[in-house]
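Chain by chain, the residues run as shown.
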Amino acid sequence: MADGGKKLLKILCIHGYRQNAQTFRERTGAFRKILKKHAELVFVTAPLPVKPLENNDEEGGAIGASKEDQYGWWYSSNDDSFHAQDYTDVCKGFDQSVEVVKKVFKEQGPFDGVLGFSQGASFVAMLCALREKNEEPFVFDFAIMVAGFRSRSSQHDELYSTKITCPTLHVYGDTDRVIQKEMSVEMLQYFKEPVELNHQGGHFIPTSAPQKKVYLDFLNTFLAKKNS
């Protein structure tokens, strides 16, 4: 609870591929500052270890994570690797990740919303689909997806079969070279009333004044509801 008795929103944060809870927290400093008086952010680490790259720069978010501390939410190949652009029949480890997040919901929830970045945003979209099916314990009021995309694993097709009614904010950059803007825009069709935040940057969470206004405008509806 914030000073003055105002209740804060509680948001579960789902990191990108090759990140972990700590590195994602460190890389969202400016974003956390924006939300400081509005939300409590809870970070969780994915269960699937990722083989390190020599240059350690894939996903744009791995910098800062040691080679032993890189994780993902599912693999798109049986060799335990992941590429968002791959069309595949593989989603190895996905169910394990869902169970990890279920445990977090049960032990650290309830959460008002979920936030995901890159592979984490794609994972959040599928959590929204599970919420749509009333699958316990995925009860939350909103979701924010930064550099999200539809999973191209055929095993996930069923999750996109029903329009998602959960209020969502979709953030994507014109110059994102990891998750191309077109991939994020393509995912919008699966949501009933998606709010869009298109920025000129790349593969990161934008935090300049215009974007700050969009975040707070989106969240204030839920903040007012929680404090009514």
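Just so it is clear, the model here is predicted, and its values are computed rather than measured.

## A closer look at empty space enclosed by the protein
Within this structure, the stated rule accounts for two cavities of 30 Å³ or more. Approximately 40 Å³ is the volume found for the largest cavity. Looking at the largest cavity, the residues that line it are Trp 74, Ser 76, Phe 82, His 83, Ala 84, Asp 86, Thr 88, Phe 149, Ser 151, Arg 152 and Ser 153. For the lining of the largest cavity, the per-class residue count stands at four nonpolar, five polar and two charged. There is about 30 Å³ of room inside the second largest cavity.

## A look at the state of the cysteines
Scanning the model with the defined rule gives zero disulfides in all. Left unpaired, Cys 128 is separated from the closest cysteine sulfur, that of Cys 166, by 4.3 Å. The exposure class of Cys 166 is buried, given its relative accessible area of 3%.

## Considering the layout of surface pockets
For the largest pocket, the calculated volume is near 150 Å³. Lining the largest pocket are 13 residues, with Phe 24, Arg 27, Thr 28, Phe 204 and Ile 205 sitting closest to its centre. Breaking the lining of the largest pocket down by element, the ones donating at least two residues are helix H1 (21-27) and helix H2 (29-35). A per-class count over the lining of the largest pocket returns six nonpolar, six polar and one charged.

## Observations concerning the pairing of strand S6 (residues 142-146)
Side-chain positions along a regular strand alternate between the two faces of the sheet. Within S6, five of the five residues are buried, leaving the element largely enclosed by the surrounding structure. Burial of S6 is two-sided: the residues Phe 142, Ile 144 and Val 146 facing one way and the residues Ala 143 and Met 145 facing the other way are all buried. Taken together, the five bridges between strand S5 (residues 113-117) and S6 define a ladder with parallel strand orientation. Within S6, the residue paired with Phe 117 across the bridge is Val 146. After leaving S5, the chain enters helix H4 (residues 119-132) and then returns to the sheet as S6, a path that is right-handed.

## Observations regarding the side chain of Arg 150
Among the secondary structure elements, Arg 150 is positioned in the loop between S6 and strand S7 (168-173). Engagement of the side chain of Arg 150 in a polar contact is seen with the side chain of Asp 157, the distance being 2.7 Å. Among the polar contacts made by the side chain of Arg 150, one reaches the side chain of Tyr 190 at a distance of 2.7 Å. Leaving out residues up to four positions away in the same chain, Arg 150 has contacts with Ser 122, Asp 157, Tyr 160, Met 183, Glu 186, Met 187 and Tyr 190.

The rules behind each value
- Residues numbered from 1 in each chain as written.
- Predicted model: local features only at pLDDT ≥ 70, side-chain atom pairs only at ≥ 80, totals over all residues.
- Heavy atoms only, no water.
- 1 Å grid on protein atoms, 1.4 Å probe; cavity = no way out; pocket = protein on both sides within 12 Å on 5 of 7 lines; lining within 4 Å.
- Points joined across faces, edges and corners; volume = space filled by probe spheres on them.
- Nonpolar A, V, L, I, M, F, W, Y, C, P; charged D, E, K, R; others polar.
- Disulfide = S-S within 2.5 Å.
- Buried < 20%, exposed > 50% of the residue type's maximum accessible area, 1.4 Å probe, protein only.
- Helix = DSSP H or I, 4+ residues; strand = E, 2+ residues; numbered from the N terminus.
- Pairing = 2+ DSSP bridges.
- Right-handed = clockwise from strand over helix to strand, strands pointing away.
- Polar contact = N/O pair within 3.5 Å; in protein donor to acceptor, adjacent residues only side chain to side chain.
- Contact = heavy atoms within 4.5 Å.

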